[in-house]
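Chain by chain, the residues run as shown.
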Amino acid sequence: MSVAEAAATAEAQEAGGKIRPSSLRRIPVIGVVTQDEEAQGAFKTMDLNRVISLLEKTDKDDLEEKQLKSVKKLVQCYQNGFPLRDLAQIFKILNLCAEKIENQPHFIESAFNILKLCSLPFLKKKVSDEITYAEDAANSIALLGELMKIPNSELRIQICKCIVDFYHAEPQKKHITGYQQASSSYKIKMAEVGGLAKTMVQSLGLLENQLVEKLWVLKALQHLSTSEVNCTLMMKAQAASGICAHLNDPDPSGQLLFRSSEILWNLLEKSSKEEIIQQLSNLECLLALKEVFKNLFMRGFSHYDRQLRNDILVITTIIAQNPGAPMIECGFTRDLILFATFNEVKSQNPLVKGLKFSNSYEDFELKKLLFNIIVILCKDLPTIQLLIDGKVILALFTYVKKPEKHKIIEWSAAQYEELQLHAIATLSSVAPLLTEEYMLCQGNARVLAFLEWCESEDPFFSHGNSFHGTGGRGNKFAQMRYSLRLLRAMVYLEDETINNDLCEKGTIQQLIGVFKNTISQSDDKEEVIVLEIQSDILLILSSLCEHHIPRKEMFGTEGVDIILRVMKTDPTKLQSGLGYNVLLFSTLDSIWCCILGCYPSEDYFLEKEGIFLLLDLLALNQKKFCNLILGIMVEFCDNPKTTAHVNAWRGKKDQTAASLLIKLWRKEEKELGVKRDKHGMIIDTKKPLFTSFQEEQKIMPLPANCPTLAVMDVAENIRAKIYAVLGKLDFENLPGLSAEDFVTLCIIHRYLDFKIGEIWNEIYEEIKLEKLRPVTTDKKILEAITTASENIGKMVASLQSEMIESQAHQDVQSEQKVYTKIQATHKQRELATKSWENFLARTSNAKALKKAKRLQEKAIESSRYSEHPPNAVFHRTDIKGLNTTVPSGRVVTVESTPARLLGGPLADTDIALKKLPIRGGALQKVKAVKTVNESKKSVPT
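Residues numbered from 1 in each chain as written. Predicted model: local features only at pLDDT ≥ 70, side-chain atom pairs only at ≥ 80, totals over all residues. Heavy atoms only, no water.

(A) Spotlight on the overall build of the chain. In terms of helices and strands, the chain carries 45 helices and 4 strands. Counting all 941 residues of the chain, 45% fall into the buried class. The contacts of the chain with a sequence gap of at least 6 include a subset with a gap of at least 24, amounting to 75%. Carbon and sulfur atoms provide 54% of the accessible area of the chain, an area that totals close to 51,700 Å². (Helix = DSSP H or I, 4+ residues; strand = E, 2+ residues; numbered from the N terminus. Buried < 20%, exposed > 50% of the residue type's maximum accessible area, 1.4 Å probe, protein only. Contact = heavy atoms within 4.5 Å. Areas by Shrake-Rupley, 256 points an atom, 1.4 Å probe, with all protein chains shown as cover.)

Right, here's the structure in full:
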């Protein structure tokens, strides 16, 4: 057809909707016919309102044929896609066709053809069309879910194909002038807005026995479940329980199980995990999961089956986290325990008869997943008996041993190492619940023997590839870490049977030795894991030695030495994030549990300057350590030797321990919001210790067994401990305190009195709130106590005022002394300047010099004794006629003997000057000797 014929056809269709033969005139026109022009002309030909009105009519006999033709014409017209502006009318036409299918089956093909076109991208004329027609698009796409109710397999499958095509949009094959393809994600967004996922889930209930259609619906839901919005809609439609309950339905293709598990995964990841777990935690779902897992475990041999089996187990593990899930009732727990242990503990159960794990990656992952689910299942106490029956402890202990040489195992070396670490980690959770089985298996002996191997120098090249093997590549640190975690979990039970057994086997000495070895063998690369090992060792020792003096004595000086070594750690490392702060906490805990109460250890700790190290840590002013350190200080002060060590300590800028404690008190009160003035004095004498929290909280009547705010305040901050330490050091003889420290010390000294008054005040207020009236005597006593407490506050405030005034007076005096010193310095400078001026005057002016001379002579004469004894000879010491003011007299000073008389500095050497002849008993110059003059020149006289 030429361009003219196409134009004529378009005009005829526009005019009457029918193509008349008379209108198809051939006009000889030379030109190029483009597909774009045909496509654009096609959108102008359809009157969609006319098609809708035609489909709505029902009174004519030949109406069906006309209706079918009009729909067919619509399909031909929009064969390149539906414009967004026409979408609402087109889907209304689709809906009308769907309504007629029940009575007029010929409309199935019409609806099918329209649905096929829905797979094509929508077209937009303007960029804003996607927003303008968003509501129409969302409602239109939502209609696809409603059409699933039509009992026709082809239509249902086509609807699912259409939805799947949303996620696999192909680029437009034909370019249509004036139109652009909507964005590829537009349909997906509109499906979310229209709630298509919810209606698709509901349609699953209509497809109980129709496998093909069900598989297509699951495929569509699999694509829809990639969105969080759709997953939320599916969750509200109970998709998880509906899909999971039919996991075990017969399906030769295997697609049902694969797609269902994929949908369940997406629901768990992209919607409310708790809600999905709750939907799956019913007997029907768990029975289906159990049967699927058993079938795959026993009969699945392909790579795909093993992967699917592991996925099902992971989903089961997530469900098992819900305590309300009937895992035991459905028998799933017993089967899982059997599958986890049959390889280590022989079983006659027919489920595992002839089964064996391979070293494939999937079987290896399955083994780890089974260990993991045991940890989760053991949190449910009824499971414990099943764990005992399944001999789980014995099975796990088969891995707690050193690798045996020349023994054939089904796992590779790296796999076995990871399973070994995983088994020990599992024991740390399971063994504390099964202490009898642990002791029957001689768990302590096995763990200590394994720990001894970890410490030995046996060649072992660990791979360290797994989560549990982190930091243990090429060494045994990973094995040591998990062994110590297991021991820590057991000693934390405080079961004396287990702890006594450990101590009898020499655990304390062994752990101290391990600690020393880790110090010597540590490397920067393994720093994190070594610090964790050291922390666990100290925590285990603390648990073993607490409340047991003989065990503290076993800890002894070797244990004290490792504690002191840790306390000498560089303080800058505490903030490194590597675990030094945890190690320090463990160290402080071990001081409390392993040293305090054992006098030889306490004395050794003091001798090695342990108190100095504690105070150095306290001076770091890190709040997380202060409470624990002060508690240790309180206990140590019971030892009479401690006081001297505390008073002898000096910090930065010669700070004393008392000054440090008072500084910590002020800082604590500032953080607590206690009211103090700028000098640190008490403001409210009725409530001198009240914190801002106590001010905000109103006093309420409480039962006798509930502590009040005043009592809780003692335990929640460090003020009580500071008071206790300073009290044991004696408040009266504390060195190195400033006036500000003394002001604060007045409050600390009266802390107990203030706290007692505060508690009595609370009692009085509670009585008022409960509207009780105490008897006269009790009332007088309460008032007297309250008054006495307030008087103590006033007395302390008065004493503080006196101290501040005295300090102010001392400051003024000190300032005056400084000013006096400055004045003296200035006066001395003035005298020196005047003396210099006089000297210059004497040297430059003869009259001034003569005057100074006369004054000098006059002063000398006046100083002499005027009366002379008879017959005495008077010798003058001055020389008359000199015009100098420098003291002079008849005295000759000989600075050195001339060299010519002694022969020079080389007189006693081999190259000495020739001896001079002696004439008249004295050394004379001889003319014959020429070297004398030469020596004169070289030797100074």
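Now that the structure is up, let's keep going.
(B) Quick look at the packing of aromatic side chains. Enumeration over the complete set of coordinates arrives at 21 aromatic pairs. Summarising the aromatic geometry, the rings of Tyr 399 and Tyr 416 are spaced 5.9 Å apart at their centres and angled 35 degrees between planes, so their arrangement reads as tilted. Of the two residues, Tyr 399 is situated in the loop between helix H22 (392-397) and helix H23 (413-430) and Tyr 416 in helix H23; the sequence distance between them amounts to 17 residues. For Tyr 399, a relative accessible area of 4% translates into the label buried. Residue class for Tyr 416 comes out buried when judged on its relative accessible area of 15%. (Phe/Tyr/Trp six-rings, centres within 6.5 Å; stacked < 30°, edge-to-face > 60°.)

(C) Expanded view of the nonpolar core. Ile 93, Met 200, Ile 591, Leu 614, Phe 636 and Leu 726 are the most contacted members of the largest nonpolar core, which totals 236 residues. Tallying contributions element by element places helix H29 (residues 527-545) first for this core, with 10 residues. In contact with Leu 614, not counting residues within four places along its chain, are Met 567, Leu 588, Ile 591, Phe 605, Ile 629, Ile 632, Met 633 and Phe 636. (Core = buried A, V, L, I, M, F, W, Y, C linked by side-chain atoms within 4.5 Å.)

(D) Fine view of a positive patch on the surface. Where like charges cluster on the molecular surface, the positive patch consists of Lys 847, Lys 850, Lys 851 and Arg 854. Its location among the elements puts Arg 854 in helix H43 (residues 846-863). (Patch = residues over 30% accessible without salt bridge, like charges linked within 9 Å, V, L, I, M, F, W, Y side chains within 5 Å. Salt bridge = Lys/Arg side-chain N within 4 Å of Asp/Glu carboxyl O. Lys, Arg positive; Asp, Glu negative; His and termini not counted. Charge placed at Lys NZ, Arg CZ, Asp CG, Glu CD.)

(E) Structural detail: the environment of Ile 157. Examined against the element boundaries, Ile 157 turns out to sit in helix H9 (residues 153-166). Residues Ile 157 and Ala 220 lie 63 residues apart in sequence; the distance between their C-alpha atoms is 9.9 Å. Apart from the residues within four sequence positions on either side, Ile 157 is in contact with Val 212, Glu 213 and Trp 216.

(F) View of the packing of helix H13 (residues 228-236) against helix H15 (residues 255-270). Here H13 crosses H15 at 105 degrees, and the two axes come no closer than 9 Å. In terms of axis orientation, H13 runs roughly perpendicular to H15. Residues Glu 228, Cys 231, Met 234 and Met 235 of H13 lie in contact with H15, whose contacting residues are Ile 263, Asn 266, Leu 267 and Lys 270. Residue composition of the contact of H13 with H15, grouped by class: 5 nonpolar, 1 polar and 2 charged. (Axes fitted to C-alpha atoms, helices over the stretch in contact; angles between N-to-C directions. Parallel < 35°, antiparallel > 145°, perpendicular 65-115°, else oblique. Nonpolar A, V, L, I, M, F, W, Y, C, P; charged D, E, K, R; others polar.)

(G) Broad picture of the pattern of salt bridges. Within the structure shown, the criterion is met by 33 salt bridges. Residue Asp 249 pairs with Lys 214 through a salt bridge whose shortest N-O separation is 3.4 Å. Of this pair, Asp 249 sits in the loop between helix H14 (239-244) and H15 while Lys 214 sits in helix H12 (residues 211-224), and the two are 35 residues apart along the sequence. Classification of Asp 249 as partly exposed rests on a relative accessible area of 25%. Several salt bridges converge on common partners, so that one network encompasses Glu 669, Arg 676, Asp 713, Arg 719, Lys 755 and Glu 758.

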